[in-house]
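Take a look at the letters that make up each chain.
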Amino acid sequence: MKKEKQSNFELLRIVAMLMIIIFHSLVNFVGTRDSQYISNNIELGGVLLMLRYVFGQLGVILFAMISGYFLISAREKKNPFERAMATAVKFAGMLLYNGVIISVVIAVIYMAVRNLGLVGPVFYELINTTRNIFDDSHLIFGYLGGFWYLSVYFLLLVVINPLNRFLNKLTDNRTFLALIIVIIFVSVLFKFTLFLSLGRDAINAATIFVGYLLGGYMRKFDPLQHVKSRYLWAGIIMFIAYYMMAHEFLARVLHVWSFDAKPAVGFFIGYPGYVLAAIIFALFMRLKFSSKSVNSLAGTTLFIYIFHVGAPFDFFFQTATYLYAHVIPSWGLTGFELDVAFIGTLLGYALVVFLLGALAGYGYNMVAKHVKSWFAKIGVMI
């Protein structure tokens, strides 16, 4: 009888992707002219700032940690580039499917909405000042740009065999940890250099590599295994409490504009983000359950990433900004009611995007299955 796959890390993939979607939905809103109407709502501003500057980093690190956890002990293949090649083809297939089929569907909906005047004048203005649908067509077989994660992950797979050989020689806990800390420190020093950043997002490529090392470290040594879960939860709560208290101090005592009151937690790259990721990862390591639904849904997360980042006309980002900057203010809410409405809309939008991306991902899996079958038949015929 085949052993059923555990779902703890599959659930973590889902959580990490939701973090990334929430982060991306706030990119064009937090700290811009559109967010002025909530600039005096300091608590809500602090929460949104934390989601904007912590969730993006955290989600990426957790994804990389999952890879490190499983791949550090993976058996090497005879051809060191076989895994990288297979991944490159998979990425290209997803980008092609999203860039042609899904983008055409969205483009048709966009055209209908625009021509039939089904939306208000503000959003109508927005969707008429959007980018060319084929601006990123050159990214189908070469990632970078908005798909920087795919680029860096592919580079990681190219060097994964020698990297794993080196890492598996580090049998001492302190030596492995010291390596991670040194790389984090160096990555902070060189964050804004071209050498360590890729694409227009200027995200530090070291995030993926450090996340991979940290995942491998958790697999080899499980450093938090003797720490009780309640203390790990306390660590997460302390991180949130520090962020919000520091934000309150900056905004209320020093009178810093709410969206400029960024506590020192490591912008994109920094120790606090990696520590928080390690704590969350340790909690998921302790989960013991199996769910076919969770496993199936988690299998679509990579496509969900491509789906929402690569949507034509900046559709994902513009819709989020329209919701946050124009729909919510029209309700005339203030104070606690505004807090609840905003967070509810934010989470609802992230969930809808996730489910739509998952649905499109299932479609890709069906298409990919038929394409593989077709190529297999051609191979037999040849």
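Above this note sits the structure.
Keep in mind that what you see is a predicted model, and the values were worked out from it rather than measured. Each residue is numbered by its place in its chain's sequence as written, counting from 1. Whole-chain, interface and lining totals are the exception, using all residues; otherwise, since this is a predicted model, local features are given only for residues with pLDDT of at least 70 and side-chain atom pairs are given and counted only at 80 or more. Based on all heavy atoms of the structure, the side-chain values leave hydrogens and waters out of the count.

Which parts of the structure should I look at to understand the side chain of His 24?
The secondary structure listing takes helices from DSSP runs of H or I that are at least 4 residues long and strands from runs of E that are at least 2 residues long, numbered from the N terminus. When you line up the elements, His 24 lands in helix α1 (residues 8-26). Any pair of nitrogen or oxygen atoms within 3.5 Å is treated as a polar contact; in protein, a donor-acceptor pairing is required on top of that, and neighbouring residues in sequence qualify only through side-chain atoms on both sides. Looking at His 24, its side chain comes within polar contact range of the side chain of His 308, at 2.8 Å. Throughout, a contact is declared for two residues whenever any of their heavy atoms are within 4.5 Å. In this structure, His 24 is in contact with His 308, Val 309, Phe 316 and Phe 317, ignoring residues within four places of it in sequence.

Even after reading the chapter, I still don't get the nonpolar core, so can you show me in this structure?
Nonpolar side chains in soluble globular proteins tend to end up buried together. Counting residues in each nonpolar core, the largest one holds 109 residues, and the members touching the most others are Leu 48, Leu 62, Phe 281 and Tyr 305. With 17 residues, helix α2 (residues 42-71) is the largest single contributor of residues to this core. Sequence-distant contacts of Leu 48, defined by excluding residues within four places in its chain, comprise Leu 26, Phe 29, Val 30, Ile 38, Phe 259, Phe 342, Ile 343 and Leu 346. Side-chain atoms within 4.5 Å are what join buried Ala, Val, Leu, Ile, Met, Phe, Trp, Tyr and Cys residues into a set we call a nonpolar core. When a residue's accessible area, from a 1.4 Å probe over protein chains only, is under 20% of the maximum for its type it is buried; when over 50% it is exposed; and in between it is partly exposed.

Any chance you could explain the pattern of salt bridges here in plain terms?
Once the charged atoms of two side chains with opposite charge are near each other, the side chains can pair. The term salt bridge refers to a side-chain nitrogen of Lys or Arg lying within 4 Å of a carboxyl oxygen of Asp or Glu. Per the stated rule, a full pass over the model turns up four salt bridges. Across the pair Lys 5 and Glu 10 runs a salt bridge, and its minimum N-O distance is 3.5 Å. Under the relative-accessibility criterion, Lys 5 is labelled partly exposed at 49%. Judged by its relative accessible area of 5%, Glu 10 falls in the buried class.

Help me out: how do you make sense of the packing of aromatic side chains in this one?
By convention here, two paired aromatic rings are described through the distance between centres and the angle between planes. Ring geometry is summarised as follows: Phe, Tyr and Trp rings, the Trp one being its six-membered ring, pair when their centres sit within 6.5 Å, and such pairs are stacked at plane angles under 30 degrees, edge-to-face over 60 and tilted between the two. For the structure on display, the rule yields 22 aromatic pairs. Between Tyr 69 and Phe 70 the ring centres are 5.2 Å apart and the planes differ by 80°, which places this aromatic pair in the edge-to-face class. You can call Tyr 69 buried: its relative accessible area is 15%. Plain terms: the ring middles of Tyr 217 and Phe 221 are 5.5 Å apart, the flat faces sit at 50° to each other, and that makes the pair tilted. Residue Tyr 217 and its partner Phe 221 are located together in helix α8 (residues 206-221), separated by four residues, close to a single helical turn. For Tyr 217, a relative accessible area of 5% puts it in the buried group. Through successive ring pairs, a cluster of aromatic residues spans Phe 63, Phe 91, Tyr 149, Tyr 153 and Tyr 305. Across from the ring centre of Tyr 231, 5.1 Å away, lies the NZ or CZ of Arg 230, which sits over that ring. We call a charge positioned over a ring when the NZ of a Lys or the CZ of an Arg lies within 6 Å of the ring centre and within 35 degrees of the ring normal.

Sorry, what's going on with unusual backbone geometry here?
With the exception of glycine, most residues fall at negative phi, and the peptide bonds are largely trans. The phi dihedral of Asp 222 falls on the positive side, at around 40°, and the residue is not glycine. Mapped onto the fold, Asp 222 is located in the loop between α8 and α9 (229-253).

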